[in-house]
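Residue-level listing of the chains:
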Amino acid sequence: ENYAGERRMARRCVDAIKMQESVLERFKRYVQIDTQSKYDCEQVPSTDKQFNLARLLVDELKTLGCTDAVVDEHCYVTATVPASAPSDKVIAMLAHLDTSPDAPGANVRPVVHENYAGGDIVLTEGTTIPASDLAPYVGQDIITSDGTTLLGSDDKAGVAAIMTAVEAWMKRPEENPHGTVRICFTPDEEVGRGTDKLDVTRLGADFGYTVDGGAIGELSWENFNAHSAVVSIRGIGVHPGEAYGVMVNALRIAGDFISMLPKDAAPETTQGKEGFIHPIAFEGGSETATVKLILRSFSPEGIREEADIVETIAAKLRTRYPAAEIAVRITESYRNMAEVIREHPEVVAKAREAMRLSGVVPDEAPIRGGTDGARLSFHGLPTPNLFAGGINFHSKREFVPVPSLNKAAEVVTRLAALYCTDATPPQEEL
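Rules and cut-offs
Residues numbered from 1 in each chain as written. Predicted model: local features only at pLDDT ≥ 70, side-chain atom pairs only at ≥ 80, totals over all residues. Heavy atoms only, no water. Core = buried A, V, L, I, M, F, W, Y, C linked by side-chain atoms within 4.5 Å. Buried < 20%, exposed > 50% of the residue type's maximum accessible area, 1.4 Å probe, protein only. Helix = DSSP H or I, 4+ residues; strand = E, 2+ residues; numbered from the N terminus. Contact = heavy atoms within 4.5 Å. Pairing = 2+ DSSP bridges. Axes fitted to C-alpha atoms, helices over the stretch in contact; angles between N-to-C directions. Expected span 1.5 Å × (residues − 1).

1. A few points about the nonpolar core
Inference 1: By size, the foremost hydrophobic cluster in this structure holds 69 residues, and its most contacted members are F27, L61, M93, V166, W169, I183 and F185.
Inference 2: In terms of residue count, the dominant contributor to this core is helix α5 (residues 153-171) (nine residues).
Inference 3: Residues within four places of F27 in sequence aside, it is in contact with I143, L151, G152, S153, K156, A157, A160, V400 and L405.
Inference 4: Within the second largest apolar cluster, 24 residues are counted, among which are A250, I277, L293 and A314.

2. A few points about the sheet that holds strand β11 (residues 225-234)
Inference 1: Overall, antiparallel pairing links the four strands, which are arranged β12-β13-β11-β14 in an open sheet. Of all the strands in the sheet, just β12 (276-284) and β14 (325-334) have a single pairing partner and so form its edges. Mean inter-strand twist for the sheet, computed between neighbouring axes without regard to direction, equals 15°.
Inference 2: Inspection of the sheet shows β11 paired to β14 by nine bridges, in the antiparallel sense. From the neighbouring strand, A226 faces β14, where its bridge partner is Y334.
Inference 3: In the packing of helix α7 (residues 250-259) onto the sheet, the strands contacted are β11, β12, β13 (288-297) and β14, and the crossing angle to β13 comes to about 15°.

3. With respect to the sheet that holds strand β7 (residues 142-144)
Inference 1: One open sheet holds the three strands; their spatial order is β4-β7-β16, and the pairing between them is antiparallel. With partners counted over all chains shown, the strands left at the sheet margins are β4 (111-113) and β16 (399-401), one partner each. Each strand axis lies, on average, 25° off the axis of its neighbour in the sheet, ignoring direction.
Inference 2: Sheet analysis places β4 next to β7, joined by three bridges and oriented antiparallel. The partner of V111 across the bridge, within β7, is T144.
Inference 3: The strands that helix α12 (residues 402-417) touches are β7 and β16; relative to β16, the one it contacts most, it runs at about 70°.

4. Some thoughts on α5
In an α-helix, one turn spans 3.6 residues, which is why side chains three or four residues apart end up on the same side.
Inference 1: The end-to-end C-alpha distance of α5, which contains 19 residues, comes to 25 Å, matching closely the 27 Å that a straight helix rising 1.5 Å per residue would cover.
Inference 2: The element α5 is extensively covered by neighbouring structure, given that 16 of its 19 residues are classed as buried.

5. Overview of unusual backbone geometry
Inference 1: A cis geometry characterises the amide bond from V44 onward to P45, with omega recorded as 5°.
Inference 2: Positionally, P45 belongs in the loop between α2 (16-31) and α3 (50-64).
Inference 3: The linkage connecting D154 with the following residue, D155, adopts the cis geometry, with an omega of 15°.
Inference 4: Positive phi is not limited to glycine here, since N107 has a value of about 60°.

6. What about the pairing of strand β3 (residues 91-96)?
Inference 1: The element β3 is extensively covered by neighbouring structure, given that six of its six residues are classed as buried.
Inference 2: Judged by which residues are buried, β3 turns out to be covered on both faces: I91, M93 and A95 on one side and A92, L94 and H96 on the other are all buried.
Inference 3: When β3 meets strand β8 (residues 181-186), the two strands line up parallel, connected through six bridges. Within the sheet, the bridge partner assigned to A92 lies in β8 and is R182.
Inference 4: With four bridges connecting them, β3 and strand β9 (residues 207-213) associate as parallel partners.

Here's what the structure looks like:
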């Protein structure tokens, strides 16, 4: 009976049609604000321009009635949506402000292609979105950039979805019942520092959801364990004319190291839940050289095996080149949030139910990457990731189907309603 009542309460959430214009217009406004983050920067945020969107969101949150909305010195926006119905849990909805440095991100001009009829979408400067990427969305409105920049749906689609839900909760609480919801927009996710300065305890939530996924239906609660590795090589430099029997070429050793990595454990040869070892940078000269790698595996045992492979190759090269110095440094980057999420199956069960109530089929493929939710989960805030609707992130070919954006806002809105009673959806296996 309680569960049936919970479903009835969730169904009273605002209809997707009512939020369509709002979420689309918000998204179009937000993507025109340049918020690109920057690699190799010690400060948070890495770019001051992220404050431009942060301050706008604070103003909008206050206008909607979230009187405690604030942005701190590190560009974290937080706010509280007060409860409209009883709930024994506080949830947090999170998205990130920054866009990727991997493609041009200034002067974004969003373009809506109404009633996409099929075929390639050809934008300016030769940017083409192939029909194969667009095939599932024939008949839908599609948002792209003009082809000169990325679009910024990663993660301004998530920001727009959450802000649309905030409006529904604050302005139409009878239609959209909810417990206390904490809102958090973070900087620097794209450069791996999105949670570095976030005080999770102060955020004050029991569970969280990042709205930072891709295609409609995506629900992710499992990600790679991630390590980084740096192999530093010191050889012996000498004039090439006098090198016989003396020179130990660090670049040659580095090349040997890369060639000895397993070919069947590379990003281009693995898929699904298979891990990989991936060299990402190779620099230096004949006397010193450095190889940087990332290691990825879904299991703790797998990530340890990959670290052992790197160490074993280094040991073999020390034997082959006894005059060289070869050092390996391996550092943990993040862990698989499934370790934490499995202890709280209700956080995924409610997300599934919110999608089903919204007419969305959950797609629970593991993330072959990382997410802020992984770090948050290990800091005491179990945080799976929900779809925001974008496709082809970090590129000029990025696009968002408008119905996917609408559904992201609807799912967020409905999800809060499912925390309004003591009853929870049936416990499902993870």
